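Observations on the three-dimensional arrangement
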Amino acid sequence: MRKPLMIGNWKMNKTISEAVSIVKSMKNAVVDVTDVEILLCPAFTALYAVNNEVKGSNINVGAQNLFWESEGAFTGEISPAMVKDTGCSYVLIGHSERRQYFGETNETVNKKVKGALAIGLNPVVCIGETLKEREENVTFNVIEKQIKEGAKGLTPEQAVLTVIAYEPVWAIGTGKTATPEQAQKVHAFVRKIYANMYKEEVADKIRILYGGSVNPGNVSNLMEQPDIDGGLVGGASLESESFAKLIKYSK
Ligand code: 13P
């Protein structure tokens with residue numbers, strides 16, 4: 001059985017004190033949750049403080065990015081070991097905003113995935129088509145390429161440690177969610193690719209999350225789909241009340 005995973009991606013929001021303050025109220029709001037794994041992804045600057053704040057709670061912390069090299073002259077970059085050192089267990093890789101604004105490619109995603117796994121961080125690899133690609137009917141080609149190139153060279157043991165987040169670019173921050181059926185189609189396709197690349201057992205273990213305008217109102221219908229194993233949430237994760245409601249979607 002795959003345990004549902006709900007991730008709050010705070011993107012470039014919240015100072016250290018703002019982040020710590022919301023985590024304090026979030027901890028109380030989700031204290032009784034045991035059936036869903038909870039992950040918060042604050043900005044780099046707040047990682048250490050947020051990791052200290054969640055100690056002993058049911059909230060885990062992840063970074064929003066990293067660089068694949070272990071150290072050296074790479075001004076402004078953060079290594080996998082530095083992320084791990086703050087207490088993180090996960091890292092988002094290849095978010096569409098990083099692909100769109102910062103030139104990330106499937107190749108750099110693959111390097112980052114390997115860098116994360118090498119240090120013991122679980123990668124959450126983001127994939128998804130743009131509106132243009134959906135309209136041109138190339139969604140499945142785009143997804144297949146993102147998966148195959150992003151996971152290139154991973155062993156089955158490494159593949160099962162990976163989480164996939166399907167975020168159609170047209171649904172991010174737009175209020176337009178993919179319908180549960182649209183999302184399920186892509187999720188089932190992603191699982192099939194993994195079954196072909198590895199084995200059914202590997203594909204069955206991999207968690208595939210949906211992201212793009214997920215909110216407390218639409219999360220249950222999405223989570224009813226057999227291949228949707230959780231959510232990658234932007235806007236609705238910025239306040240503890242809405243994120244806690246969303247996490248408790250089944251209650
Ligand atoms: P929104 O939930 O704000 O649409 O953002 C989705 C996202 O990009 C999460 O990574």
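Look a little higher up for the structure.
Note that the coordinates shown come from a computational prediction; the quantities given were computed from them, not determined experimentally.

Another point: the pattern of salt bridges. According to the stated counting rule, one finds 14 salt bridges in the structure shown. Between K148 and E144 there is a salt bridge, with its nearest N and O atoms 2.8 Å apart. With a gap of four residues between them, K148 and E144 both fall in helix α7 (residues 139-150), about one helical turn apart. The class of E144 is partly exposed, set by a relative accessible area of 29%. E149 is the partner of K145 in a salt bridge, and the nearest nitrogen-oxygen pair spans 2.9 Å. Highlighted residues: K145 and E149, both in helix α7, separated by four residues, approximately one helical turn. The network of salt bridges with shared partners includes R2, R191, D227 and D229.

Contact geometry of helix α5 (residues 106-119) with α7 gives a least axis separation of 8 Å together with a crossing angle of 40 degrees. What the angle tells us is that α5 and α7 run oblique. You can see that α5 and α7 cross each other, and the crossing is right-handed. Only K145, Q146, E149 and G150 of α7 make contact with α5, whose side of the interface consists of N106, V109, N110 and V113. Here the residues of the contact of α5 with α7 sort into two nonpolar, four polar and two charged.

What follows concerns the packing of aromatic side chains. Taken as a whole and judged by the stated rule, the model has six aromatic pairs. Their ring planes at 50 degrees and their centres at 5.1 Å tell us that F67 and F74 sit as a pair that is tilted. Ring plane angle 15 degrees and centroid distance 6.1 Å describe the contact between Y194 and Y198, whose orientation is recorded as stacked. Taking relative accessible area as the criterion, Y194 reaches 2% and is therefore assigned buried. When the ring centre of W10 is taken as origin, the NZ or CZ atom of K14, which lies over that ring, is 5.3 Å away.

Right, let's talk about the nonpolar core for a bit. M6, I164, V190, Y194 and Y210 are the most contacted members of the largest nonpolar core, which has 65 residues in total. Tallying contributions element by element places helix α9 (residues 180-197) first for this core, with seven residues. Ignoring any residue separated from it by four or fewer positions in sequence, one finds Y210 in contact with Y166, P168, A171, T177, A178, A183, H187, L222, I228, G230, G231 and L232. Counting residues in hydrophobic clusters, the runner-up holds 12 residues, among them L39, C126, A165 and L209.

Within the structure, the ligand sits among 13 residues, and K11, H95, G173, S213 and G235 are positioned closest to it. A distance of 3.0 Å separates an oxygen atom of the ligand from a polar atom in the side chain of E167. G173 is positioned such that a nitrogen or oxygen atom in its backbone is 2.6 Å from an oxygen atom of the ligand. Here the shell around the ligand is composed, by residue class, of four nonpolar, seven polar and two charged.

Here we come to the sheet that holds strand β8 (residues 230-233). Backbone-to-backbone hydrogen bonds join strands into a sheet, with any given pair of strands oriented parallel or antiparallel. Spatially, eight strands are ordered β1-β2-β3-β4-β5-β6-β7-β8 in a closed barrel, and the strand pairing comes out parallel. Averaged over neighbouring strand pairs, the angle between their axes works out to 25 degrees when direction is ignored. On the sheet, α9 packs against β5 (122-127), β6 (163-166) and β7 (207-211) and is oriented at approximately 150 degrees with respect to β7. In this fold helix α12 (residues 240-247) packs onto β1 (5-9), β2 (37-41) and β8, with an angle of close to 160 degrees to the strand it touches most, β1.

What counts, and where the lines are drawn
- Residues numbered from 1 in each chain as written.
- Predicted model: local features only at pLDDT ≥ 70, side-chain atom pairs only at ≥ 80, totals over all residues.
- Heavy atoms only, no water.
- Salt bridge = Lys/Arg side-chain N within 4 Å of Asp/Glu carboxyl O.
- Helix = DSSP H or I, 4+ residues; strand = E, 2+ residues; numbered from the N terminus.
- Buried < 20%, exposed > 50% of the residue type's maximum accessible area, 1.4 Å probe, protein only.
- Axes fitted to C-alpha atoms, helices over the stretch in contact; angles between N-to-C directions.
- Parallel < 35°, antiparallel > 145°, perpendicular 65-115°, else oblique.
- Left-handed = near helix turned anticlockwise from the far one by under 90°.
- Contact = heavy atoms within 4.5 Å.
- Nonpolar A, V, L, I, M, F, W, Y, C, P; charged D, E, K, R; others polar.
- Phe/Tyr/Trp six-rings, centres within 6.5 Å; stacked < 30°, edge-to-face > 60°.
- Lys NZ or Arg CZ within 6 Å of the ring centre and 35° of its normal.
- Core = buried A, V, L, I, M, F, W, Y, C linked by side-chain atoms within 4.5 Å.
- Near = heavy atom within 4 Å.
- Polar contact = N/O pair within 3.5 Å; in protein donor to acceptor, adjacent residues only side chain to side chain.
- Pairing = 2+ DSSP bridges.

Everything listed is a geometric property; what it means functionally is a separate question.
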